[in-house]
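Single-letter residue listing:
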Amino acid sequence: MEDFNKKITDSPSVIYQSFAGKMKNPFSDIFMWLLNFVINFFDGENDGLVSVESAKWGNFRGVIEGRGFFGISHPHEVDGYRTNPKIKESENLPHGSKTIRDFYIGLVRELKEKGL
């Protein structure tokens, strides 16, 4: 990856921003609990697939978390279960992000406001 990152550089014409998801505990997603446990052991907090640290790219805007006892897993972040989970609001997330769908709509709204 070091060699890849030296050869493949960011384009100045692209806006790079990232977010990371985080399961609060292995019970946040019954299908991702084992991966969450293993990744947590080796790389720290994660969404059951990607660690928070490895998700950081460009302008890192923060961590997406679920509300309450459960966190938010990778399938929840992409609405893979079609449940539109509620997320914990944060100043780093687009304004009005109460659910994962609101989050993505807010990102599109921000890009539109930038003229993209």
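Everything that follows concerns the structure shown earlier in this document.
This structure is a prediction, so every number in the text was calculated from the model and none was measured. (Residues numbered from 1 in each chain as written. Predicted model: local features only at pLDDT ≥ 70, side-chain atom pairs only at ≥ 80, totals over all residues. Heavy atoms only, no water.)

Explain helix 5 (residues 100–113) to me, please; I cannot follow it from the model alone.
Because the α-helix completes a turn every 3.6 residues, residues three or four places apart line up on one side. For helix 5, built from 14 residues, the straight-helix expectation of 20 Å at 1.5 Å per residue is met to within 8% by its first-to-last C-alpha distance of 20 Å. By the burial criterion, the buried members of helix 5 are Ile100, Phe103, Gly106 and Leu107. Along the axis of helix 5, the buried positions cluster into a sector of 110 degrees, meaning they face one direction only. Facing away from the buried side of helix 5, by more than 90 degrees, are the exposed residues Val108, Lys112 and Glu113. Contacts from the buried residues of helix 5 go to strand 1 (17–22), strand 2 (59–65) and helix 4 (74–77). Immediately beyond the C-terminal end of helix 5, within one or two residues, lies glycine 115, with a positive phi of roughly 85 degrees. (Helix = DSSP H or I, 4+ residues; strand = E, 2+ residues; numbered from the N terminus. Expected span 1.5 Å × (residues − 1). Buried < 20%, exposed > 50% of the residue type's maximum accessible area, 1.4 Å probe, protein only. Arc of directions from axis to C-beta. Contact = heavy atoms within 4.5 Å.)

Looking at this model, I keep getting lost on the pattern of salt bridges. Mind explaining?
Two side chains of opposite charge can pair, provided their charged atoms sit close to one another. Following the criterion strictly, the structure yields seven salt bridges and no others. Here lysine 22 and glutamate 45 are joined by a salt bridge, their closest N and O atoms 3.3 Å apart. With a gap of 23 residues between them, lysine 22 in strand 1 and glutamate 45 in the loop between helix 2 (33–43) and helix 3 (52–55) connect regions that are remote in the sequence. For lysine 22, the salt bridge identified is with glutamate 65, shortest N-O distance 3.7 Å. Here lysine 22 is found in strand 1, whereas its partner glutamate 65 is found in strand 2, with 43 residues between them in sequence. (Salt bridge = Lys/Arg side-chain N within 4 Å of Asp/Glu carboxyl O.)

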